[in-house]
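The chain contents come next:
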Amino acid sequence: MDFSYTILIPLIPLALFLVLGIFSKKITPAISGWLGSLGLGSSFVLSLYTAYHYFLKGKVNDVYQTFIYKDTWIIFTDKLHIDMGVLIDPISVMMLVVVSTVSFMVHLYSIGYMKGDDGFTRFFAYLSLFSFSMFGLVLATNLFQMYIFWELVGVSSYLLIGYYYTKPSAVAAGKKAFIVTRFADLGFLLGILILSYYTGTFDFDLLTNPEGSIITNGVASSFMGLSVLTWAILLIFIGGAGKSAMFPLHIWLPDAMEGPTPVSALIHAATMVVAGVYLVARMFPLYYFLDNGFALDVVAYVGAFSALFAAIIAVTQTDIKRVLAFSTMSQIGYMMLALGVSKYEGHDGLGFMASMFHLFTHAMFKGLLFLAAGSVIHAVHSNYLKDMGGLRKYMPITNIVFLIAALSIAGFPGFAGFFSKDEILVAAFESNMLLYVIGVFVAGLTAFYMFRLYFGIFWGKETKFEHAPHESPLSMTIPMLFLAFMSIAGGYIHFSEYVTADHQSFEAHLNYPLAAITVGVGLIGIIIAYVLYKKETSIPLKLSNSFGSFYKWTYDKFYIDEIYLFVTKKIIFGLIAAPAAWFDKHIVDASMIGIGNATASLSNRIKGMQSGKFQDYAMSFIGGGVVIAMIIFYIWIN
Amino acid sequence: MIEGISIYEILTLTSILFFIGVYGFFTRENLITILMSIELILNAAAVNFVIINTYLFPDFLQGAIFSIFIIALAAAETALAIAIIINLYKLVTSVEVRDTETMKH
Amino acid sequence: MERILFYIFAVLIVIFAVASVSSRKILRAVIYLLIVLTAVSGLYFLIDYNFLAAIQLTVYGGGVIVLIIFSVLLVHHVELELEITPLKTKIIAAALVVAGLSITLWAILTYPFNTANNYKSIEVDVIGEKLLSYGEGGFILPFEVISVLLFAIMVGAIVIAKGKKLGIKTGEKLE
């Protein structure tokens, strides 16, 4: 079997980016929009074909094979070299489908959403660049290639968040996202360096082979009670946590909502933010086998905490995109949790499968939620709940797709989110009771805040609009309808047959008692939201007042941003950088400037000697000659 | 060789002539007069060549012949210098040294 | 007799040399220079080097002085008075000159020259033979070099003095 054609999947967006980027002034918006969509459409078709080809025929002896096509790029030593190529295995194929689906839908949607914007072509060029980077990241054959695309993804995310570059808040948000993730990537890079130093390779193929020497033998060196390799993968996880907005590196994600909404749907809901999950999944054997899975436990707890933390914050936010952003963070925490409780083989690898399953379904329904939110914002021209209400009459399609997505994320039976979330909670239940309880609680919270959002937008108070909002154009509703379809149908894919930790299929069944508990909790959340927000009442206000300072804390996101500001501004800038700057300015610079000034004033003084009159020069010459003659004669006499 | 005159007296005379030329070179403000000072210096040098040849090494003729060369060079140099001075005069309408100081900028 | 003549020449040379470098009337300075040059040719006669004395008279007294006079007349009024040099410059120059002169004289007067006794006058035919001889002690090479140099200077002087046509840019500057 030959999968080398998959290299086209990233190359088509790259070509598009170059064409749209170079000729951005010449191409009219209509053409660039359809060109971008066409290119991504072909990547989408290719991805689907790859998935079909791989999942139906990629098995040998019931094990999915790994296909690698690569070329040596930079050679360090005989063993250690950086390759460029594509790696085809279940999770990369699954990610290809996710990325290309959402990206294609977002391209189509953007044609309608971005209509009339000045930088229309630029926007599509950035989108193509992002798609290229994301495909490259997914298909990377080794850590270093992944790191390169990892950074490219960061750059395109920065460009897209700061797309409205005349808006200071957008620029600041872009910088914040870039700096925070860049800071996390430092950990990633250190991890790569440590890992490659001790194992002598970057290749996923060699690193993650459970029978390979790296996992079975490990390395002798250890540091503070843990193998150095464990430290390396923990550092790598920091990189993943930065991209996936895990606590405490999540602060960039809410601000990233300053970007255009399609961008939020593509990058900050469906694809880039799950790169951290993908990274852990990609290196799962290392996490699982080294030091009895210590690193994996860290992943699980970080994930669980982030899920809870973000869900609590999401309850109080009033900017609908921020609610969705915290919801994304919470759901990614779920995925991390699932990975963290997973084991490796057969049915024990349920968590891994559930995580990937949830990644898939989440991409669909969260992408849809963002697109629907974008549609609402497009109609109302505001991000805030207080400006909305009663929109179901004006925007029937958006209303329906939003409801579908919300039911899906709340885990309502029959929708995609129900199946994936159920698998996650089963995996957690089988491994760790504490994590299970957190998971169930978060599921309830999720249902509550999602329906608070839904009722707040489409029901609730009857807002009077100056211009009556209207339904979005076809180019926006069609992608939404497709994703809505996927938000239901995605749940019926038997992921356990395809995407597993050990590449072997197993049978996964619904665990009815556990599912009943989850659904029950979710329903309670929905009912509370229904009571509070279906009609405009004063209960929510009273409730928030009764929580008092806790509500305030939550509303202000537990002051994590302020803590960061305090640490960076007061401690780093004030106590370290400012004295260093003073020293640099007043000691180092001053001495240099002093030397410069001394030279300048000295030359000003002796400038007079350079009169330009040749007679003066001749005088100096003769005078010098006389002096030399005198010296010579003096020596000669003595 | 001059009857009754030692080499010291003649060398003293040429030295004085030389330094008068140097003085003129230093103090004159006009290119043509500076050129004249140079003529004095060259003359002093030429006389020295001849004197040292005749007083110290009468068997050789190097000094005598080089004095001829010096005169030839001096004449050529004068011609060239005057060509330059005239050209300069066309450019700046002056042959004063201070008007030729532009090179220092 | 020769001694007296030498002193007369010496006095003439010194006086007129000083006059030549200090006169404020440029044409007079040229004439003083002519007198100095003539007196120097007198010195050559005294040493019995008649050929060089003749050259001195013709080339210097005839050629160079005439050139200088021409150029003076081209660029100055005859009665133009030269600018007075600043006193400071004069003092510095004089001090330098006196220092140089004294050290030179001191070097000359303390050095014991071995004066040869087999004096003979320098004849024109010997000079001519030497100049064109390519054997030992011949001067054919410097002679040729000097002639090439003279030719180059002739061409150069003409080109430079023509000035305007050499470069159109300089011509434009003038206008």
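Residues numbered from 1 in each chain as written. Chains lettered and ligands numbered in written order. Predicted model: local features only at pLDDT ≥ 70, side-chain atom pairs only at ≥ 80, totals over all residues.

Trainee: Looking at this structure, I do not really get the overall build of chain A. What am I missing?
Mentor: The secondary structure content of chain A amounts to 26 helices and six strands. The buried share of chain A, taken over its 638 residues, is 51%. (Helix = DSSP H or I, 4+ residues; strand = E, 2+ residues; numbered from the N terminus. Buried ≥ 20, exposed ≤ 12 C-beta atoms within 10 Å, placed from the backbone.)

Trainee: Even after reading the chapter, I still don't get the overall build of chain C, so can you show me in this structure?
Mentor: The number of helices and strands found in chain C is seven helices and zero strands. Reading the secondary structure of chain C in the N-to-C direction produces α-α-α-α-α-α-α. Residues counted as buried form 23% of the 175 residues belonging to chain C. A separation of at least 24 residues holds for 46% of the contacts in chain C among residues at least 6 apart in sequence. (Contact = placed C-beta atoms within 7 Å.)

Trainee: Explanation requested: the confidence of the model for chain C in the structure shown.
Mentor: Should pLDDT be low for a region, the predicted coordinates there are not to be read in detail. Residues at a pLDDT of 70 or more form 90% of chain C, whose mean pLDDT is 84. Predicted complex, confidence summary: ipTM 0.89, pTM 0.66. (pLDDT = per-residue confidence, 0-100.)

Trainee: Got a minute to help me understand the pairing of strand 3 (residues 67–75) of chain A in this structure?
Mentor: All names here are of chain A. Judged from the eight bridges that link them, strand 3 and strand 4 (residues 81–88) form a sheet pairing that is antiparallel. Considered in strand 4, the bridge of Asp71 is made with Met84. Counted between consecutive antiparallel strands, the loop separating strand 3 from strand 4 contains five residues. (Pairing = 2+ DSSP bridges.)

Trainee: Please clarify how the environment of Ala372 of chain A should be interpreted in this entry.
Mentor: Residue and element names in this part refer to chain A. Within the fold, Ala372 resides in helix 16 (residues 350–380). Ala372 sits in the buried class, given 34 other C-beta atoms within 10 Å. Between the C-alpha atoms of Ala372 and Met480, which are 108 residues apart in sequence, the distance is 7.0 Å.

Trainee: How should the interface of chain C and chain A be read in this particular structure?
Mentor: Interface extent is often summarised as the accessible area lost during association of the parts. Each partner contributes residues to the interface: chain C has seven residues there, and chain A has seven residues. Taken together, the residues that form the side of chain C that touches chain A break down as six nonpolar, one polar and no charged. (Nonpolar A, V, L, I, M, F, W, Y, C, P; charged D, E, K, R; others polar.)

Trainee: Please explain the packing of helix 3 (residues 90–113) of chain A against helix 16 of chain A as it appears in this structure.
Mentor: When two helices pack together, their arrangement is given by the angle between the helix axes and the distance between those axes. All names here are of chain A. At a minimum axis separation of 10 Å, helix 3 and helix 16 run at an interaxial angle of 5°. As far as their axial angle goes, helix 16 and helix 3 are roughly parallel. Contact with helix 3, carried on its side by Ile91, Met94, Val98, Val102, Met105, Tyr109 and Tyr113, involves Met356, Leu359, Phe360, Ala363, Gly367, Leu371, Gly374 and His378 of helix 16 and no other residues of that element. Classifying every residue of the contact of helix 3 with helix 16 by side-chain character gives twelve nonpolar, three polar and no charged. (Axes fitted to C-alpha atoms, helices over the stretch in contact; angles between N-to-C directions. Parallel < 35°, antiparallel > 145°, perpendicular 65-115°, else oblique.)

Trainee: Explain the interface of chain C and chain B to me, please; I cannot follow it from the model alone.
Mentor: Between chain C and chain B, the contact holds 73 residues from the first and 61 residues from the second. Those elements giving two or more residues to the side of chain C that touches chain B turn out to be helix 1 (2–22), helix 2 (26–46), helix 3 (50–75), helix 4 (87–110), helix 5 (124–132), helix 6 (140–162) and helix 7 (168–174) of chain C.

Trainee: Any chance you could explain helix 2 (residues 31–56) of chain B here in plain terms?
Mentor: Along an α-helix, residues three or four positions apart point the same way, because every turn accommodates 3.6 residues. Along its 26 residues, helix 2 of chain B runs 37 Å from first to last C-alpha, staying within 8% of the 38 Å computed at 1.5 Å per residue. Burial within helix 2 of chain B is extensive, with 21 of its 26 residues counted as buried. (Expected span 1.5 Å × (residues − 1).)

Trainee: Help me understand the environment of Ser6 of chain B in this model?
Mentor: Residue placement: Ser6 of chain B occurs in the segment before helix 1 (7–27). Put simply, Ser6 of chain B and Tyr55 of chain B are 49 residues apart on the chain and 8.7 Å apart in space, counted from C-alpha to C-alpha.

Trainee: Would you mind going over the packing of helix 3 of chain A against helix 20 (residues 474–489) of chain A with me for this structure?
Mentor: Residue and element names in this part refer to chain A. Running from N to C, helix 3 and helix 20 cross one another at 150°; their axes reach a closest spacing of 7 Å. It follows from the interaxial angle that helix 3 and helix 20 lie roughly antiparallel. Note that helix 3 runs across helix 20; the crossing there is left-handed. Here helix 3 contributes Met105, Leu108, Tyr109, Ile111, Gly112 and Tyr113 to the contact with helix 20, which in turn contributes Ser475, Met476, Ile478, Pro479, Phe482 and Leu483. Among the residues making up the contact of helix 3 with helix 20, the classes are represented as ten nonpolar, two polar and no charged. (Left-handed = near helix turned anticlockwise from the far one by under 90°.)

Trainee: I tried to follow the nonpolar core on my own but got confused; where do I start?
Mentor: Side chains of nonpolar character tend, in soluble globular proteins, to be buried together. Counting 206 residues, the largest nonpolar core has Ile233, Leu337, Met356, Leu368, Ala405 and Phe451 of chain A as its most contacted members. When residues in this core are grouped by element, the largest group, 20 residues, is from helix 16 of chain A. Leaving out residues up to four positions away in the same chain, Leu337 of chain A has contacts with Ala300, Gly303, Ala304, Ala307, Ile424, Ala428, Leu435 and Gly439 of chain A. Counting residues in each nonpolar core, the second largest holds 77 residues, with Ile13, Ala29, Ala39 and Tyr44 of chain C among its members. (Core = buried A, V, L, I, M, F, W, Y, C linked by C-beta atoms within 7 Å.)

Trainee: Help me out: how do you make sense of the environment of Ala64 of chain B in this one?
Mentor: Structurally, Ala64 of chain B can be placed in helix 3 (residues 62–92). Given 22 C-beta atoms within 10 Å, Ala64 of chain B falls into the buried group. When neighbours within four sequence positions are excluded, Ala64 of chain B is seen to be in contact with Val50 and Asn53 of chain B together with Tyr49, Leu52, Ile122 and Ile127 of chain C.

Trainee: Can you help me understand unusual backbone geometry in this one?
Mentor: Glycine aside, a negative phi is what most residues show, and trans is what most peptide bonds show. For Ala245 of chain A, which is not a glycine, the phi torsion comes out positive at approximately 55°. Within the secondary structure, Ala245 of chain A sits in the loop between helix 9 (228–243) and helix 10 (252–255). One non-glycine residue, Asp48 of chain C, lies in positive phi territory at about 70°.

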